[in-house]
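Residues per chain, in single letters:
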Number of protein chains: 2
Amino acid sequence: MATISDVAREAQVSVATVSRVLNKQDSVKKATADRVYAAIEKLKFEPNILARNFRRSESRVILIIAPNITNPYYSHILTGIGDTANELGYSALIFNTANSEEREKEGMEMLKKRRADGAILLARNQGSQWLEEYAENYPVVQCSEYDPDVPFPHVSIDNYKAVREVMAYLFALGHERIATISSKNRYISTDLRMKAYKDALGEEGLPVEENLVAYAGLDYSFRSGKEAAEKLLAQENRPTAIFCISDTIALGAIAAAMEKGIRVPEDLTVIGFDDVEDTMMFHPYITTVGQPCYELGKNAMRMLYDRINGQLDPQHEMVLKHKFIIRESAGRRKQDD
Amino acid sequence: MATISDVAREAQVSVATVSRVLNKQDSVKKATADRVYAAIEKLKFEPNILARNFRRSESRVILIIAPNITNPYYSHILTGIGDTANELGYSALIFNTANSEEREKEGMEMLKKRRADGAILLARNQGSQWLEEYAENYPVVQCSEYDPDVPFPHVSIDNYKAVREVMAYLFALGHERIATISSKNRYISTDLRMKAYKDALGEEGLPVEENLVAYAGLDYSFRSGKEAAEKLLAQENRPTAIFCISDTIALGAIAAAMEKGIRVPEDLTVIGFDDVEDTMMFHPYITTVGQPCYELGKNAMRMLYDRINGQLDPQHEMVLKHKFIIRESAGRRKQDD
DNA sequence: TTGAAAGCGCTAACAA
DNA sequence: TTGTTAGCGCTTTCAA
């Protein structure tokens, strides 16, 4: 493997000059640079990235701390981060936490060990004090979920506003017994969506009934969504609409309804969240809130890049637009309900 | 940031000794080692990985060259690779090719640039001569798809055998007009499955009819599967069974049937492949061939590890067991068909 | 069992 | 515009 000094010898220049052309500094005369390029070509020289990284003390790697790459919601964000990282000259390393806080800490350790120049956190729980320690020393950005009390910047959608839109739509359709399927986690999106649900009900003069709130599992799985919906639908005075915090849960709710002979949307309205896939396989196609996953990832990466490269006045918060998508699973309340 | 010589000074030993305890060489006296550990503790020393990698000229990173991480089939393999890489002290870098051969080459370039110590190739097309160049110089393993003519080891399932089992099951159910939805790609799995389909038909004395073979898109998407099935089902003498090369395509086939009022499995049998997800959301649950995705990834990583670390007699081929899973979408042929 | 010292390949400060 | 040179922090050979 040829080194920079082999190239220098071949081109009859010093290693400094070779280094300069490698790094595209313009203080090199064209003729000299050409000689260097010729030598590089001839020797099939590839700069040793290991040496360069060491010298510059940077890894050109960014870390993505994600709970799970199997979930399509994350995988779209991941793709957005990955593509953008590449454009910016970074490699994106995905660190799978499998939802364990322990693993999350391990991931952040990689920053200390200089395995990565910065990190993007997905699925941040609120209220983890231990993170603070990293805030001053490492470039970190939160994507999609975030803890407002932690001094890391974040990019996300406006979950509160999105659910207020959902609720307004439901009211316009005549619904009053509106249930929600949430999850018992510590995501800010969950809190915000729940708050929007309750606020909307309150402002409409409707009570927030405990038995209209059900919980799916932490994994937002189809099965747990179905079970939550079954509970909701087993009541004598059952809801006429269910707002679900994910499409997969909504799919579960529809399956639960189908098995009970309840038609969607004729007898029951179901609304999902994310619009990530599977929403248009079988009828009824799901009415949902679309999140710009790829863009979320892309902007998180850009934000991180600015932090790593010491942008003067880095943005602290970025809110991307969601999109309320009307399809088939929501309908007008039947008058006899 | 403390360096190894700070530690040496603090512990009153030489840097060589510190290095020895860092690398757990047993030629260090216990008392000396303890002093070193104490110094490390006191100074909160973290070895500089960048320097170490440079010195050892290794990156401790392995590359996964994948077409797409959004596809759950891949994401399970990816998880298997990632977890195993971690256990073995490596980080797994996912390089997204978006199905472009150009990007694939870019990915392999990273090996030359020493960004990674080895690579795992997913979704290898057959017949790419350019890969040969890497064969001698870099540790590479193929996972799931592979080119038998390329001198890289691989791990996969026995696609031929799996489809022969599917066909035998179909014959046992009385089916004779059996269609298949394949895809026009250059994957060995596709060839092998098609060959098994044709061989089985032949051995049963049944003709291979051109209009019983349809093609979904290169992405194995729901929509393209549905369209392919629509073509198949539009014929007057339509098939009584369809074998699909993926579950998503099978889902599309079921949707196509439903829209035409054809019941599955009563009027039409549909069989999928992969068993990766969505096979058990709505009835009929899909009868399919399960692939051990996570294990595929795990073993590919182990194989790569052996190659990187110069195992004497590395395995060249590893075939993992698939699992034929009978659920609801396949049934006995009706006598009046 | 330990230490001295060379050197991995590159970048960048300084000098010319 | 170009060259000389001093490291970056670590591992490892050789000697003691």
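Computed from a prediction, not measured in an experiment: that's the story for all the values here.

Cut-offs applied
Residues numbered from 1 in each chain as written. Chains lettered and ligands numbered in written order. Predicted model: local features only at pLDDT ≥ 70, side-chain atom pairs only at ≥ 80, totals over all residues. Heavy atoms only, no water. Helix = DSSP H or I, 4+ residues; strand = E, 2+ residues; numbered from the N terminus. Buried < 20%, exposed > 50% of the residue type's maximum accessible area, 1.4 Å probe, protein only. Contact = heavy atoms within 4.5 Å. Pairing = 2+ DSSP bridges. Axes fitted to C-alpha atoms, helices over the stretch in contact; angles between N-to-C directions. Near = heavy atom within 4 Å. Polar contact = N/O pair within 3.5 Å; in protein donor to acceptor, adjacent residues only side chain to side chain. Nonpolar A, V, L, I, M, F, W, Y, C, P; charged D, E, K, R; others polar. Phe/Tyr/Trp six-rings, centres within 6.5 Å; stacked < 30°, edge-to-face > 60°. Domains from an automatic or database assignment. Buried area = accessible area lost by both parts, 1.4 Å probe. Salt bridge = Lys/Arg side-chain N within 4 Å of Asp/Glu carboxyl O.

Turning next to the side chain of Asn53(B). Within the element layout of this structure, Asn53(B) appears in helix H4 (residues 49-56). Residue Asn53(B) is classed as buried on the basis of its relative accessible area of 10%. Leave out the neighbours within four places in its chain, and Asn53(B) touches Leu50(A), Glu58(B), Ser59(B) and Arg60(B).

Below, the discussion takes up the sheet that holds strand E7 (residues 213-216) of chain A. Residue and element names in this part refer to chain A. Strand order in this open sheet of four strands is E7-E6-E8-E9, and the pairing throughout is parallel. Looking at the sheet topology across the chains shown, the edges are occupied by E7 and strand E9 (269-271). If you compare each strand with its neighbour and ignore which way they point, the axes differ by 20 degrees on average. Examined bridge by bridge, strand E8 (residues 241-244) and E9 share three bridges and lie parallel to one another. Looking at E9, one finds that alanine 241 is bridged to threonine 269. Across the face of the sheet, helix H10 (residues 222-234) comes into contact with strand E6 (178-183), E7 and E8 while running at roughly 160 degrees to E7. Sitting on the sheet, helix H11 (residues 247-259) is in contact with E6, E7, E8 and E9, with an inclination near 160 degrees to E9.

Let us now look at the pairing of strand E5 (residues 154-157) of chain B. Residue and element names in this part refer to chain B. Here E5 shows two buried faces, one formed by His154 and Ser156 and the other by Val155 and Ile157. Taken together, the two bridges between strand E4 (residues 140-143) and E5 define a ladder with parallel strand orientation. Looking across to E5, one finds that cysteine 143 is bridged to valine 155. For E5 and strand E11 (residues 317-320), the ladder comprises four bridges, and the chain directions are parallel. The partner of serine 156 across the bridge, within E11, is valine 319.

Below, the discussion takes up the protein's contact with DNA strand D. For DNA strand D, the set of nearby residues contains 27 residues, the closest of which are Arg20(A), Lys29(A), Thr32(A), Ile4(B) and Arg55(B). Considering DNA strand D, the proportion of its atoms within 4 Å of the protein that are sugar or phosphate atoms stands at 56%. Between DNA strand D and Ile4(B) there is a distance of 2.5 Å, counted from a phosphate oxygen to a backbone nitrogen or oxygen. Within the side chain of Ser19(B), a nitrogen or oxygen atom sits 3.0 Å from a phosphate oxygen of DNA strand D. Elements with a minimum of two residues in the surface near DNA strand D: helix H2 (15-22) and helix H4 (49-56) of chain A together with helix H2 (15-22) and H4 of chain B. Take the surface near DNA strand D: its biggest share by element is five residues, from H4(B). For the surface near DNA strand D, the class distribution of residues is 11 nonpolar, nine polar and seven charged.

Surrounding DNA strand C, one finds 27 residues, the nearest of these being Ile4(A), Arg55(A), Thr17(B), Arg20(B) and Thr32(B). Counting only atoms of DNA strand C within 4 Å of the protein, the sugar-phosphate share comes to 59%. Asn23(A) is positioned such that a nitrogen or oxygen atom in its side chain is 3.4 Å from a phosphate oxygen of DNA strand C. Mapped onto the surface near DNA strand C, the elements with two or more residues apiece are H2 and H4 of chain A together with H2 and H4 of chain B. Counted by class, the surface near DNA strand C contains 11 nonpolar, nine polar and seven charged residues.

All names here are of chain B. Counted according to the given criterion, the structure contains 16 aromatic pairs over all chains. Geometrically, the ring pair formed by tyrosine 169 and phenylalanine 324 is edge-to-face, given 5.1 Å between the ring centres and 70 degrees between the ring planes. Linking tyrosine 169 in helix H8 (residues 159-172) with phenylalanine 324 in strand E12 (residues 323-325), this pair joins segments that are 155 residues apart in sequence. The exposure class of tyrosine 169 is buried, given its relative accessible area of 18%.

Glancing now at the sheet that holds strand E6 (residues 178-183) of chain B. Residue and element names in this part refer to chain B. Across the sheet, which stays open at both edges, the four strands sit in the order E7-E6-E8-E9 with parallel pairing between neighbours. Either end of the sheet is taken by a strand with one partner, and the two such strands are strand E7 (213-216) and strand E9 (269-271). Each adjacent strand pair in this sheet contributes to an overall mean axis angle of 20 degrees, direction not counted. Packed on one face of the sheet, helix H9 (residues 188-203) meets E6 and E7 and runs near 165 degrees to E6. Strands E6, E7 and strand E8 (241-244) of the sheet are contacted by helix H10 (residues 222-234), whose axis makes an angle of about 160 degrees with E7.

Residues and elements named next belong to chain A. Domain annotation for chain A reports domain 1 (4-47), domain 2 (61-157 + 293-320) and domain 3 (159-291). Its C-alpha centre places domain 2 at a distance of 29 Å from the equivalent point of domain 3. In this assembly, 17 residues from domain 2 lie in contact with 12 residues from domain 3. Contact with domain 3 buries area across many residues of domain 2, yet Gln126, Glu145 and Ile157 alone supply 42% of it, more than any other trio. Taken together, the links from domain 2 to domain 3 amount to zero salt bridges. Taken together, domain 2 and domain 3 are joined by eight residue pairs in polar contact (both at pLDDT 80 or more). With four residues, the single largest contributor to the side of domain 2 that touches domain 3 is helix H5 (residues 72-87). Each residue belonging to the side of domain 2 that touches domain 3 can be placed in one class, and the counts come to nine nonpolar, six polar and two charged.

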